[in-house]
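Below are the chains, spelled out letter by letter.
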Amino acid sequence: MKIGVLVSGRGSNLQALIDAYQSGKIKGSIALVISDNPQAYALERCKRHHVPYQVVLRKDFSSKRDFERRMIDLLKEREVELVVLAGFMRVLSAEFLNAFPMKVINIHPSLIPAFQGLQAQKQAVEYGAKISGCTVHFVSEELDNGPVIIQACVPLLPEDTEESLSERILKFEHKLLPQAVKWISEGRVKVKDRKVIVEEAIYGTLPVNPQLEDMFQI
Ligand code: GRF
């Protein structure tokens, strides 16, 4: 399966995907990375690993529709079958989502439906939650609310700051995203109503567990 990855910034989740493809853990390829930010560090990662990329700037288009159309065209030209949002800081319209029906996924740094939207880790710290985590989900028109593919939870400690919690969650993000992409590219993911069923998955939700490594199939 050919995937496209949309990014806006650092690209550490993109790096986790690049590593999983390069080591052969996921079959297929990253056919295209699109960034809406010309300064994104994610682009350096593309250059270093010879991953094709394009910068598409919102300001170069008179409407959101045309901006998204350009991204759709680029992704279709590369025969992308799955679109992965990895730190892409824009909300996509129904038109974009309909161009890739149930083939757009996102990684979010909370256990959705808790702490949707921006600064999820800060929200969790300020709320005083005792547990948070991350989620890979299908993207629907409602922000951070589509069917859940996989989640991992991490504890919040009393002394946690937004930064320390983000760091703890990020380690799990780098496991979850390649796992979800691998499952989808192997054709093992089915969606019924809003429930995602993964054939032969050990766990859909991964608890905090010292044996965590054993639970991933990647
Ligand atoms: C991650 O925390 C991801 O969950 C959120 O944006 C951040 C992107 O980080 N959607 P990176 O660019 O992948 O390093």
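Residues numbered from 1 in each chain as written. Predicted model: local features only at pLDDT ≥ 70, side-chain atom pairs only at ≥ 80, totals over all residues. Heavy atoms only, no water.

S.K.: Where do I start with the overall build of the chain in this structure?
M.R.: Scanning the chain for helices and strands turns up 7 helices and 10 strands. Relative to a compact globule of 218 residues, whose C-alpha radius of gyration would be 17 Å, the chain shows 17 Å and is just as compact. Along the first, second and third principal axes, the C-alpha atoms of the chain reach 45 × 40 × 35 Å. Taken across its 218 residues, the chain has 49% of its residues classed as buried. Within the chain, residue pairs in contact and separated by at least 24 positions form 61% of the contacts whose partners lie at least 6 positions apart. Here the chain displays about 10800 Å² of accessible surface, and carbon together with sulfur accounts for 51% of that area. On the chain, the mean spot of the 28 positive side-chain charges and the mean spot of the 27 negative ones are 3 Å from each other. (Helix = DSSP H or I, 4+ residues; strand = E, 2+ residues; numbered from the N terminus. Rg over C-alpha atoms; globule rule 2.2 N^0.38 Å. Buried < 20%, exposed > 50% of the residue type's maximum accessible area, 1.4 Å probe, protein only. Contact = heavy atoms within 4.5 Å. Areas by Shrake-Rupley, 256 points an atom, 1.4 Å probe, with all protein chains shown as cover. Lys, Arg positive; Asp, Glu negative; His and termini not counted. Charge placed at Lys NZ, Arg CZ, Asp CG, Glu CD.)

S.K.: Sorry if this is basic, but what is going on with the pattern of salt bridges here?
M.R.: Oppositely charged side chains are able to pair whenever their charged atoms sit close together. Counted under the stated rule, the structure contains 12 salt bridges. A salt bridge links K190 to E199, with the shortest nitrogen-to-oxygen separation between them at 3.5 Å. Classification of E199 by relative accessible area gives partly exposed; the value is 37%. When salt bridges that share partners are traced, they join R65, R69, D73 and E95 into one network. (Salt bridge = Lys/Arg side-chain N within 4 Å of Asp/Glu carboxyl O.)

S.K.: I would appreciate a short explanation of helix α2 (residues 41-49) in the present structure.
M.R.: Residue pairs three or four apart in sequence face the same way in an α-helix, which turns once every 3.6 residues. Looking at α2, one finds that the buried residues are A42, L43, R45, C46 and H49. When α2 is viewed along its axis, its buried side chains cluster within an angular range of 155 degrees and face the same direction. Where α2 is buried, its residues meet β1 (2-7), α1 (12-22), β2 (29-35) and β3 (53-55). One or two positions beyond α2, positive phi appears at H50, with a value near 55 degrees. (Arc of directions from axis to C-beta.)

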